Structure formats: structure tokens, C-alpha cells
Amino acid sequence: MSPVWSLGAGLLLLLLWVRHRGLEAVLVHHRWVFVCLFLLPLSILFDVYYQLRAWAVWRLHSAPRQHAQRVRHIQAQVREWRNEGSKRYMCTGRPGWLTVSLRVGKYKKIHKNIMINLMDVLEVDSERQVVRVEPLVTMGQLTAHLNPMGWTIPVVPELDDLTVGGLIMGTGIESSSHIYGLFQHTCVAYELVLADGSLVRCSPTENSDLFYAVPWSCGTLGFLVAAEIKMIPAKKYIKIHYEPVRGLQKICEKFTEESKKKENSFVEGLVYSLEEAVIMTGVLTDEAEQSKINRIGNYYKPWFFKHVEKYLKADRTGIEYIPSRHYYHRHTRSIFWELQDIIPFGNNPVFRYLFGWMVPPKISLLKLTQGEAIRKLYEQHHVVQDMLVPMKSLEKSIQTFHVDLNVYPLWLCPFILPNNPGMVHPKGDEAELYVDIGAYGEPKRKQFEARASMRQMEKFVRSVHGFQMLYADCYMTREEFWDMFDGSLYHKLREQMNCKDAFPEVYDKICKAARH
């Protein structure tokens, strides 16, 4: 039988099986079938298209010339909205399924959609050590553009598809954040189109109130059209030291100790149970021992969190040299550890060698095709949350995560939080060391109930003066939300810039209590 006939027969049997089981049952209980056969190939096509587009724009040097024209088009849309009587709130016209957040943005169906087609790197200024980019530039796109020039940005948040705009209007973090802070703290200027259609540039010395109010505002003060981000020299490798630690107190002590060391370029922890973790520290280097180079980003390599777990199981320390770009996107292929729930055999060596080059599926395509049944299933039986708490509360926080969720691994990422104006800052007058605790997966806690459990978590985070990342499901009331976040500067600017008729309040845009 020819390969074509074999393929045809296989597809026919698959369709008959889907018809017998029912499409919804297959999508819910055997989602890997749909992901492997359809979403992985589609994801490859998406990547190829955007890579070719970025290459063409770079070769033709067209981005800076077209940027001003595109911004004028955005201004024209805003003025048109004003001329129509400002009857509806405005929002970006980017479809909700294209965002990395798992939240479904229903507001886009009723708000005035402003089309913003800004996805290019505009300028690399080596003298100022600043890169100027449009808001839809992704982390994968930016590192691919800068690394060959010998540059990188100080904080490269995980996952290739995260956009500059999302990381500014929301937030972003990486294992270098104990030195540089959150993604917003590496930005030196923003350019926005405001509710009156004007174009404004803001920085710490120019329209400074707006500069500090933009992060975490989720697009409710204006439309971001460009950002300037600090650059630092890139090096070829990250020298990683893996150290397994047992005992919760020792885990917290070791992680805190390493996070305070400025000689560590990177600090990260993966907690595999209440009493077991691997603490990783890294330094930038151009030299490497050839026998210890691990190109972890190659498609056939084990998923990073599984690779790290080997040091825990073997109870041994280790040193590796990971190429810089591979390190920056080390959790991308497995979407941290979320992909194991979608493709259970995804880390199997046979699958990796045959199909690993197609992984991961685009998160946007997973959202687009998940359907109402899967969405409700994920909402009730799945957690994707990042809670930012003071480092001094780490031990108590992990215990709370264990009791309320019991999800492992947990991701630990330290960051310094400066005492800048805006929605997020320490309780005292000086910068403070915080840690992001990321929980992604199916809670193992008995009688887990999404709303009740998350409200309990949110209450705890507020009690230690922590913060919840706003990409995730938020169940707080309005009063609880503004108890967690400092809204003084935000509300002042919304009044001054006439935003109340133009954009919803950030709470109404992201919190489930406001959206249902």
C-alpha cells in the first residue's frame, strides 16, 4: 500500500473514531489528538510567516518609515470615536485569542476596537544602549534581533510569544529580576496615544506621572505605540549551577541567600514538593567547557523542568553552560510544564526526536480552539497564577500554596521592587526583595473549588502586602483589589486625562467579579 493510501486510511479511521466518540468528548478528553494533528502544523505556519515578515521588514528598513503613518492611523481612529460621541469604551482591536493570557476578553465584543498593527523593532541605539520597539514585538522576535548584534535586554520574560505591550501594561519577570526589577523597570520611555487622540512621550523626567502609572494599567490610560528599553551586552553562554535542596526552611534560606548575591546574573528555583527543590544560579560568560555545553533549546532535548528534576532525583549538584538564547527561552518548549497536561507523552524521547521541532503549539491557537467545555473545565480544575510576595514571606507563602492548591512544580523567581510611584511598590520607603511564586497545573487539593480557593489565596497575598499578576483569573471585589494595589496615581491621571469615558477601569477589565 502506498504512503498516500496509508495516510488516507489513517485519517478515515480517525474521523470515524471522532464521529463515534463525539467531537466535544475528543477535544476534552483526548485533546492531544487535535493538538498534534492540527495545532502543531498551524503553529509552524504562524512562526514561519512572522519570521519571514520580520526578516523582510529588517532588510527593507521599512519599520521606522511606516511607524509614524501607523500611529497617525491610530490617532485618526480615536478622533473618529470622539466625533461619534464617545458612546462606548475603546480597546485594542487585537483578537482576545491572540493574547498569552488564558482569560477570555469578552469586552472586545462591545467596545470600540482600535486597530493597532505595530509589531516591529524600530531602532537599536548602541550609544544610548536602548532599543526602541513597537508594542506587539515579541520576546522571541526581540532576542533573535538583538543577540546577533551582541545585545540583549536585562529582563527577558519566558515564552517567545509574550509581547512588549503586554509586559508593560501588565508585567513581566525573569531570573535576572533580582538585579534589574520587573520588565517595566528596564524601560526608559513610553509613547502613547491618549483619549483625545494626542501623541505623548513619557519618561522619568518627562510626563513622569504617566510614565509610572502606565505599568499594570492594562491599556486603560491610553494606547501604547512604542517603548524604549535598556540593552546590556550579550554573552555566549549562561553558566548554570544546579543545587538540590531538601527541607522547606533550607529551601527558603538558600533561595533568599542566592537572590541577595549581585554576582549571580540569574537566580531561579523549581519546587517539586513541599520539601524538595532545585535552586539554580547562573552567570554570563563567553567561555565554556565544551563537554558541559547543553543546548537545551534544541527540539530533541528533554523539557527543561524534567532535566532539572534529574539533579533532584540523583541528589547531586551540577554545572552546565547553556547558550544564552536557549536559556532565555528554556521553558518555552514545554510552556513551563503546562504542555504535559495537553500532550502527556510530549517529553518521550521518540516524540521529541520525531515531532519536537513542531513544539510548542501556539497558546493563542489553544485558546481559539478550546471551546466552551474545555474553558469551563480549565477554569474549575486548572490553575495558572503568579503571586508576587515579599521574600521574607516565602516560607509561609509556599505552605499556603500547598494547603490551598497543592500544585507542583512551583516556579520561584526573585525580583527587586523599587519604591517608585504607581500601582505596585513596597510597603516601606525603600526597595525590597520580592519573589514571584508561579503555580501552573491541576490542583491536587481535595475538594478544590476555583473561586473559593483563589479568594483564599488572594486574601493571604494581600495580608503580606503582595500582588497578583493581572493576566490570570482574579476573584477580588473592587475594594479588595484597590487594597492590594495603590490606585492613587492611577485614578488621578484618569481624571486629568478624561479616561473615564474612554477606557474601563482596570478592575472592570480584568476581574471576574466585574465581568460576570
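Residues numbered from 1 in each chain as written. Predicted model: local features only at pLDDT ≥ 70, side-chain atom pairs only at ≥ 80, totals over all residues. Heavy atoms only, no water.

- The name given to the protein chain in an unreviewed UniProt entry is Delta(24)-sterol reductase, with the source organism recorded as Eudyptes chrysocome.
- Here is the UniProt Pathway (unreviewed entry) comment for the protein chain, exactly as written: "Steroid biosynthesis; cholesterol biosynthesis."
- UniProt, in its Function (unreviewed entry) section for the protein chain, records the words "Catalyzes the reduction of the delta-24 double bond of sterol intermediates during cholesterol biosynthesis. In addition to its cholesterol-synthesizing activity, can protect cells from oxidative stress by reducing caspase 3 activity during apoptosis induced by oxidative stress. Also protects against amyloid-beta peptide-induced apoptosis." (UniProt positions renumbered as here; feature names shortened; annotations may be inferred.)

**What about the overall build of the protein chain?**
Turning to step 1, where the next piece is worked out: Within the protein chain, the regular secondary structure consists of 21 helices and 17 strands.
Turning to step 2, where the next piece is worked out: Looking at the protein chain as a whole, 55% of its 516 residues are labelled buried.
Turning to step 3, where the next piece is worked out: By sequence separation, contacts in the protein chain at least 24 residues apart represent 74% of the contacts at least 6 residues apart.
Turning to step 4, where the next piece is worked out: Accessible area for the protein chain stands at about 23100 Å²; split by element, carbon and sulfur atoms hold 55% of it. (Helix = DSSP H or I, 4+ residues; strand = E, 2+ residues; numbered from the N terminus. Buried < 20%, exposed > 50% of the residue type's maximum accessible area, 1.4 Å probe, protein only. Contact = heavy atoms within 4.5 Å. Areas by Shrake-Rupley, 256 points an atom, 1.4 Å probe, with all protein chains shown as cover.)

**A few points about the UniProt feature "transmembrane region" (unreviewed entry) in the protein chain**
Turning to step 1, where the next piece is worked out: The positions that UniProt labels "transmembrane region" (unreviewed entry) are, in the present scheme, residues 32–50.
Turning to step 2, where the next piece is worked out: Within residues 32–50, the helical portion is 100% and the strand portion 0%, while the C-alpha atoms at the span's ends are 25 Å from each other.

**Concerning the nonpolar core**
Turning to step 1, where the next piece is worked out: If you look at the biggest cluster of nonpolar residues, it comprises 144 residues, and the most contacted ones within it are Tyr-190, Leu-210, Phe-481 and Phe-485.
Turning to step 2, where the next piece is worked out: In contact with Phe-485, other than residues within four places in its own chain, are Trp-216, Met-423, Val-424, Phe-467, Gln-468 and Leu-470. (Core = buried A, V, L, I, M, F, W, Y, C linked by side-chain atoms within 4.5 Å.)

**Looking at unusual backbone geometry**
Turning to step 1, where the next piece is worked out: Note that the residue after Val-359, namely Pro-360, is joined by a cis bond; omega there is 5°.
Turning to step 2, where the next piece is worked out: Following the sequence through the fold, Pro-360 ends up in the loop between α13 (349–355) and α14 (363–368).
Turning to step 3, where the next piece is worked out: Tyr-408 connects to Pro-409 through a cis peptide bond whose omega is 0°.
Turning to step 4, where the next piece is worked out: Within the fold, Pro-409 resides in the loop between α16 (394–404) and β15 (410–417).
Turning to step 5, where the next piece is worked out: In this structure, Gln-129 is a non-glycine residue whose phi angle is positive, near 55°.

**Regarding helix α5 (residues 139–146)**
Turning to step 1, where the next piece is worked out: Counting buried residues in α5 gives 6 out of 8 residues, a clear majority hidden from the surface.
Turning to step 2, where the next piece is worked out: Looking only at α5, the buried set comprises Met-139, Gly-140, Leu-142, Thr-143, His-145 and Leu-146.

**Re the packing of aromatic side chains**
Turning to step 1, where the next piece is worked out: For the structure on display, the rule yields 25 aromatic pairs.
Turning to step 2, where the next piece is worked out: Pairing Phe-211 with Tyr-212 gives two aromatic rings, centres 5.2 Å apart and planes at 80°, and the pair type is edge-to-face.
Turning to step 3, where the next piece is worked out: The buried category is assigned to Phe-211, whose relative accessible area is 6%.
Turning to step 4, where the next piece is worked out: By relative accessible area, Tyr-212 is classed as partly exposed at 22%.
Turning to step 5, where the next piece is worked out: Each ring, one from Phe-336 and one from Trp-337, has its centre 5.5 Å from the other, and the planes form 90°; the classification is edge-to-face.
Turning to step 6, where the next piece is worked out: Since its relative accessible area comes to 8%, Phe-336 is described here as buried.
Turning to step 7, where the next piece is worked out: Looking at Arg-330, its charged tip hangs above the ring of Tyr-327, at a distance of 4.1 Å from the centre. (Phe/Tyr/Trp six-rings, centres within 6.5 Å; stacked < 30°, edge-to-face > 60°. Lys NZ or Arg CZ within 6 Å of the ring centre and 35° of its normal.)

**Things to note about the sheet that holds strand β10 (residues 237–246)**
Turning to step 1, where the next piece is worked out: The strand order β13-β10-β12-β11-β15-β16-β14-β17 describes an open sheet built from 8 strands, whose pairing is antiparallel. Unpaired on one side and paired on the other, β13 (318–323) and β17 (467–468) mark the two borders of the sheet. (Pairing = 2+ DSSP bridges.)

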